[in-house]
Amino acid sequence: SQLAATRAGRHILREKGTFLILRELHSWEQEPSVVAACENLIQVLIGEEPGPGMENLLEVKVPEEVERELRRLDREEEERWRKEKEERGPPSLGPQETSE
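Quick summary incoming for the structure in this document. Nothing here was measured: the structure is a model prediction, and the numbers come from that model.

**Points about a nonpolar patch on the surface**
Thinking step 1. On the surface, a cluster of nonpolar side chains totalling about 270 Å² of accessible area is made up of Phe19, Leu20 and Ile46.
Thinking step 2. Following the sequence through the fold, Ile46 ends up in helix α3 (residues 32-46).

**So, the packing of helix α1 (residues 7-15) against α3**
Thinking step 1. Direction vectors running N to C along α1 and α3 enclose 95°, while the axes themselves pass 10 Å from each other. Comparing their axes, α3 and α1 come out roughly perpendicular. Facing Arg10, Leu13 and Arg14 of α1, the residues of α3 in contact are Leu41, Val44 and Leu45.
Thinking step 2. Among the residues making up the contact of α1 with α3, the classes are represented as four nonpolar, no polar and two charged.

**Things to note about the nonpolar core**
For soluble globular proteins, the rule of thumb is that nonpolar side chains tend to be buried together.
Thinking step 1. Counting residues in each nonpolar core, the largest one holds seven residues, listed as Ala4, Leu13, Leu22, Cys38, Leu41, Ile42 and Leu45.
Thinking step 2. Once residues within four sequence positions are removed from consideration, Leu22 is found in contact with Cys38, Leu41, Ile42 and Leu45.

**A closer look at the packing of helix α2 (residues 18-28) against α3**
Thinking step 1. One way to put it is that α2 packs onto α3 with a least axis distance of 10 Å and a crossing angle of 150°. The angle between the axes of α2 and α3 places the two elements in the roughly antiparallel class. In this structure, α2 crosses over α3, and the sense of that crossing is left-handed. Contact residues: Thr18, Phe19, Leu22, Arg23, Leu25 and His26 in α2; Val34, Val35, Cys38, Glu39, Leu41, Ile42, Leu45 and Ile46 in α3.

Cut-offs used in this document
Residues numbered from 1 in each chain as written. Predicted model: local features only at pLDDT ≥ 70, side-chain atom pairs only at ≥ 80, totals over all residues. Heavy atoms only, no water. Patch = residues over 30% accessible without salt bridge, like charges linked within 9 Å, V, L, I, M, F, W, Y side chains within 5 Å. Areas by Shrake-Rupley, 256 points an atom, 1.4 Å probe, with all protein chains shown as cover. Salt bridge = Lys/Arg side-chain N within 4 Å of Asp/Glu carboxyl O. Helix = DSSP H or I, 4+ residues; strand = E, 2+ residues; numbered from the N terminus. Axes fitted to C-alpha atoms, helices over the stretch in contact; angles between N-to-C directions. Parallel < 35°, antiparallel > 145°, perpendicular 65-115°, else oblique. Contact = heavy atoms within 4.5 Å. Nonpolar A, V, L, I, M, F, W, Y, C, P; charged D, E, K, R; others polar. Core = buried A, V, L, I, M, F, W, Y, C linked by side-chain atoms within 4.5 Å. Buried < 20%, exposed > 50% of the residue type's maximum accessible area, 1.4 Å probe, protein only. Left-handed = near helix turned anticlockwise from the far one by under 90°.

Printed below as a string of structure tokens:
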């Protein structure tokens, strides 16, 4: 995601077809933090390019109230993923995956 922070980096990621790889990873990944990272990066890649002064997203100042709201939403999403994971139970071993 660091590469996606700059306009040039986002251009390279788009040019190399990174979206297709992320979409595939997102379709089977079960680790909530990885799924969230995929979703965030996909949003950056498919979204419109930020306007002047926002070429480097690491340098953009986020208002404190917006940052608090984003953190709250992150916590809620993590909790939802944790509950879903608990409801699914431990991963089952596939036909080729056996414990020895």
